[in-house]
Amino acid sequence: VIVADVETGDIVAMASRPNYVQEDVDEYLNREDMVLYNKAIQVGYPPGSLFKVVVLLTALEEDISYINKEFYCRGYEQINNVIIKCNKTQGHGYITLKEAFSKSCNAAFIQLGQELGSAKIINMAKKLGFGERINIGLLEEIDGNLPSGRELQGPSIGNISIGQGSIEVTPLQITNMMMIVANKGIKKGMSIVEGITTKDGYMIKKFNRAKEERIVSGESCEILQDYLIDVVLNGTARKLDLKDLGGAGGKTGSAQAILNRKETIHGWFSGFYPSKHPKYIVTVFIEEDFSGSQAAVPIFEKIIKEIYKINR
């Protein structure tokens, strides 16, 4: 779990589980659950449908009229000899871009990805901070991975469009992406470190944050914020009950992966709170669970309710 302040870029909470007993580290060295890793920054995972945010931003920056486009979902997409199923096996039928995002329709986003092309989508991913360290003041942070070269050719566009294949991201990178959206296209310098102090608390040197930078247009991000709110109101996160606390927007993800040499599914949810004038980004990632909707969304809700109590 990561919680970040939208205005300042401060990381106000970061947690990685399972935990370990510090006095008995030797016991954990050979375990397969990577208990000694900070999984928020040290392990890369497929983003699943959260990567549809990248695809959508690519489309909006290319041509804002994509918001008027309609797709047809028959329950799967076939690219050459590769078949990729939609999350609704019987298909969504005719579906708008907003509905496709809200319901996380794989077929529509693969069609959209084919129109845009792999290179443009991966370029947008790089602009949003994927494939490199965010640099929040912790040296063990990893780069993650974005496909390149031959990995961008042929049927790979199917996996790229829905955040699968060789794409690997950290929960921190997802938080950074959602922070850019919440700040209407401005990338903030994120940090978990304020600076170096003396033992008495006097600041010697402030942490050198990255400068604010416009990454994408405000118009694209305002549309995307509206789509993310619709995910909560009408889509895959509609069980999220925060209407009385100011609402929220976000995106679920269910990512297929290999963990400990076996196939599994990871659950994601990353979003902003409240829905108007967001103050916090919260990213929840659950290893080896059925879906983001069932596993990650309830934890997001609990965290927001606790934040509400503190701020009240």
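J.: How should I be thinking about helix α8 (residues 292-311) in this particular structure?
T.: Here α8 is 20 residues long and its end C-alpha atoms lie 27 Å apart, about the 28 Å a rise of 1.5 Å per residue gives. For α8, the full list of buried residues reads Gly292, Ala295, Ala296, Val297, Phe300, Glu301, Ile303, Ile304 and Ile307.

J.: Would you mind showing me how to read unusual backbone geometry here?
T.: Working note: non-glycine residues mostly have negative phi, and peptide bonds are mostly trans. The linkage connecting Arg17 with the following residue, Pro18, adopts the cis geometry, with an omega of 5°. If you trace the backbone, Pro18 turns up in the loop between β2 (11-14) and α1 (52-62). Here the amide bond leading from Tyr273 into Pro274 is cis, since omega sits at -10°, within 30 degrees of zero. Mapped onto the elements of the fold, Pro274 is located in the loop between β12 (262-273) and β13 (280-286). Even without a glycine there, the phi angle at Met34 is positive, about 50°. Turning to its location among the elements, Met34 is positioned in the loop between β2 and α1. In this structure Met34 comes out as partly exposed when scored by relative accessible area, which is 23%. For Asn80, which is not glycine, the phi dihedral falls at a positive 55°.

J.: Please clarify how the packing of aromatic side chains should be interpreted in this entry.
T.: The geometry of an aromatic ring pair is captured by the separation of the ring centres together with the interplanar angle, meaning the angle of the planes. If you walk through the whole model with that rule in mind, you get 8 aromatic pairs. Ring pairs connect the aromatic residues Tyr45, Trp268 and Phe285, which therefore count as one cluster. Positioned over the ring face of Phe71 is Lys69, at 5.6 Å from the centre of the ring. Lys251 extends its terminal NZ or CZ atom over the ring of Phe101, reaching a point 5.6 Å from the ring centre.

Rules used in this analysis
Residues numbered from 1 in each chain as written. Predicted model: local features only at pLDDT ≥ 70, side-chain atom pairs only at ≥ 80, totals over all residues. Heavy atoms only, no water. Helix = DSSP H or I, 4+ residues; strand = E, 2+ residues; numbered from the N terminus. Expected span 1.5 Å × (residues − 1). Buried < 20%, exposed > 50% of the residue type's maximum accessible area, 1.4 Å probe, protein only. Phe/Tyr/Trp six-rings, centres within 6.5 Å; stacked < 30°, edge-to-face > 60°. Lys NZ or Arg CZ within 6 Å of the ring centre and 35° of its normal.

Everything listed is a geometric property; what it means functionally is a separate question.
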